[in-house]
Amino acid sequence: MDTSDRRRRISARVAELDLDGLLVTRLPNVRYLTGFTGSYAQLLLTRTDAVFLTDGRYAQQSMRQVPDVPRRVYTGEFPPAFRDACAGLGVSRIAFESAGVTHKTFTDISSPGIELIPTTNEVELLRWVKDDEERDHLRAAQSIADDVFDLIVGKLAEGMSEAEVGFEIDLASRRAGATGPAFDTIVAFGENAAEPHHRPGDRPLRRGDIVKLDFGCVVEGYHSDMTRTVAFGDPPTRLREVYEVVRAAQQAGVEAVSAGVTGAEADRAARDVIREAGFAESYRHSLGHGVGLEVHEGPSLRPGGEDVLPEGAVVTVEPGIYLEGIGGVRIEDMVEVEGNGARVLPRTTKELLVL
Ligand SMILES: [Mn+2]
C-alpha cells in the first residue's frame, strides 16, 4: 500500500478546490491515507504538507505505522491541537468531512482565524477503486467466510439456537485468522428469516426451518459480506419457490454489474425479476453496496442512485424476499467490478442446500 500516493492525490484535490487543506477525521479514511490502525487520529492535508494528529495513547503505534508523516501527539483535546497545526502551517481555509465531524467538534474547532467548509466523499471516492493489495485482503476475508460456511452447515443440529450458531460462526472466523466479525452476525431460523436484519436469539432450530446466515469477517481491516439461505429439512413449498426467484434475481444482478454501469441499473436488473414474479412488495431494500475498509461503503446499488460502478470496485449483490410469518430468502455475493462484467468472490454454492 503506497499511502503517500493517496495523500498526494488528496493534496492535488485540495488545490483544485481552491482550499488550503482538508481535515480528515473519518477513521477508515485516516487509515487509508496513512496506514494507521488505531481508534483515534486525525489527518490534516494541505496542498504541500501533511500533519498526523493523535493523542498520547497512540504515540508509539503511530511512530511505527506512520513514520513518513509529521506527527503531532497531543495531550487532552483535539481542537487546540488542530488550531495549532493550522497556525503552524499557515493555513486557514480548511474543508472538513461533514460525515465525520459531530456538531460539537465543529463548534469546538471553529475559530475566527479558520474558515471551515463542509465536504463529502473526497477520500471515499478514491477508496471505491481497490488496488491489488486491497483486493487480496478482500479475497482472503471472503475465503475465510466460505470455509466457515462449510463448517457451520456441517454443525447445524436440531435444538441449536440462533445465538449459538452466530457464536460458532464468529469463533470459526477468528480461528481461521480473521481479526473479528465484519458486523453483527445475522442468523435467522424459520419465520425470523422474514426480518432482513434479524438479531439472533434463543429460537431453537427445528426440522423444516429455513436458515438465513449473513456474516463476514475482517482481514487487515478489509471486510467480507455474504448471505446464504439453506433449508434444515424440507422447507415450506412457498419458500422453495421464493428461493428460485431470489436466485434468478441475484444472477441477473451479478450479470448486470460491469464497469460504467450505474448502481441503479444493476439494481433494476435484479428488481425486475422479483417484480415480475409478483414479490415487489416483499423486497424493500437496495441491491448492494461497496465493501472495503468499511462493510458498507460506496458505490451504492439502489433504485434511483447515481453512482457509476468503476473498474476495480468491490460491491455486494444481495436481493431478498421476505414473507412475514413464513420466512425469507436472501442470497448475497461480493463481486469485483471488471471492465466487462463481474467476478464473483464466494465459492459457496447458490443452489438450495437441503440439509
Ligand atoms: Mn451486505
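Here is a short report on the structure shown in this document. Owing to the predicted nature of the structure, the values given are computational and were not obtained by experimental measurement.

Looking at the manganese ion, the protein donor atoms are D225 (OD), H289 (NE2), E318 (OE) and E332 (OE), and they sit 2.1 to 2.4 Å from it. Site description for the manganese ion: donor spacing in sequence, D-x63-H-x28-E-x13-E. Here E332 lies in the loop between strand 17 (327-330) and strand 18 (333-338) and E318 lies in the loop between strand 15 (314-317) and strand 16 (320-323), a separation of 14 residues in the sequence. Given a relative accessible area of 8%, E318 falls into the buried group.

Another aspect to go through is the nonpolar core. Judged by nonpolar contacts, the single largest core of 32 residues is most densely connected at I10, L22, V24, L33, L43, F52 and V123. Put simply, the parts of the chain that give this core at least two residues each are helix 1 (3-16), strand 1 (21-24), helix 2 (27-34), strand 2 (42-46), strand 3 (50-55) and helix 6 (122-128). Looking at which element gives the most residues to this core, the answer is helix 2, with three residues. Of the residues that make up this core, three or more belong to each of domain 1 (3-127) and domain 2 (132-344). Setting aside residues no more than four positions away along its own chain, L43 makes contact with R7, L22, L23, V24, V30, L33, T34, V51, F52 and V69. Grouped together as the second largest cluster of nonpolar side chains are 31 residues, V257, F279, L301 and V337 included.

Below, the discussion takes up the packing of helix 1 against helix 2. One way to put it is that helix 1 packs onto helix 2 with a least axis distance of 6 Å and a crossing angle of 115 degrees. Across the interface between the two elements, T3, R6, R7 and I10 of helix 1 pack against Y32, L33 and T34 of helix 2.

Pairing between sheet strands relies on hydrogen bonds along the backbone, with the strands arranged either parallel or antiparallel. Reading across from one edge, 4-3-2-1-5-6 is the order of the six strands in this open sheet, with mixed pairing throughout. Looking at the sheet topology across the chains shown, the edges are occupied by strand 4 (71-74) and strand 6 (115-119). Strand-to-strand twist across the sheet, computed as the mean angle between neighbouring axes with direction ignored, equals 25 degrees. Note: strand 5 (residues 93-97) against strand 6, five bridges, orientation parallel. Paired with E97 across the strands is T119, a residue of strand 6. The strands that helix 1 touches are strand 1 and strand 2; relative to strand 2, the one it contacts most, it runs at about 55 degrees. Running at roughly 60 degrees to strand 2, helix 2 makes contact with strand 1, strand 2, strand 3 and strand 5 of the sheet.

Quick look at the packing of aromatic side chains now. As enumerated under the stated definition, the model contains five aromatic pairs in all. Here the aromatic rings of F78 and F82 are separated by 5.6 Å at their centres, their planes lie at 40 degrees, and the arrangement is tilted. Of the two residues, F78 and F82 are both situated in helix 4 (residues 78-89); the distance of four residues between them amounts to about one turn of the helix. Judged on exposure class, the residue F78 and its partner F82 are both buried.

Calculation notes
Residues numbered from 1 in each chain as written. Predicted model: local features only at pLDDT ≥ 70, side-chain atom pairs only at ≥ 80, totals over all residues. Heavy atoms only, no water. Donors = N, O, S within 2.8 Å, 3.2 Å for Na, K, Ca; no water. Helix = DSSP H or I, 4+ residues; strand = E, 2+ residues; numbered from the N terminus. Buried < 20%, exposed > 50% of the residue type's maximum accessible area, 1.4 Å probe, protein only. Core = buried A, V, L, I, M, F, W, Y, C linked by side-chain atoms within 4.5 Å. Domains from an automatic or database assignment. Contact = heavy atoms within 4.5 Å. Axes fitted to C-alpha atoms, helices over the stretch in contact; angles between N-to-C directions. Pairing = 2+ DSSP bridges. Phe/Tyr/Trp six-rings, centres within 6.5 Å; stacked < 30°, edge-to-face > 60°.

Nothing here speaks to function; it is all geometry.
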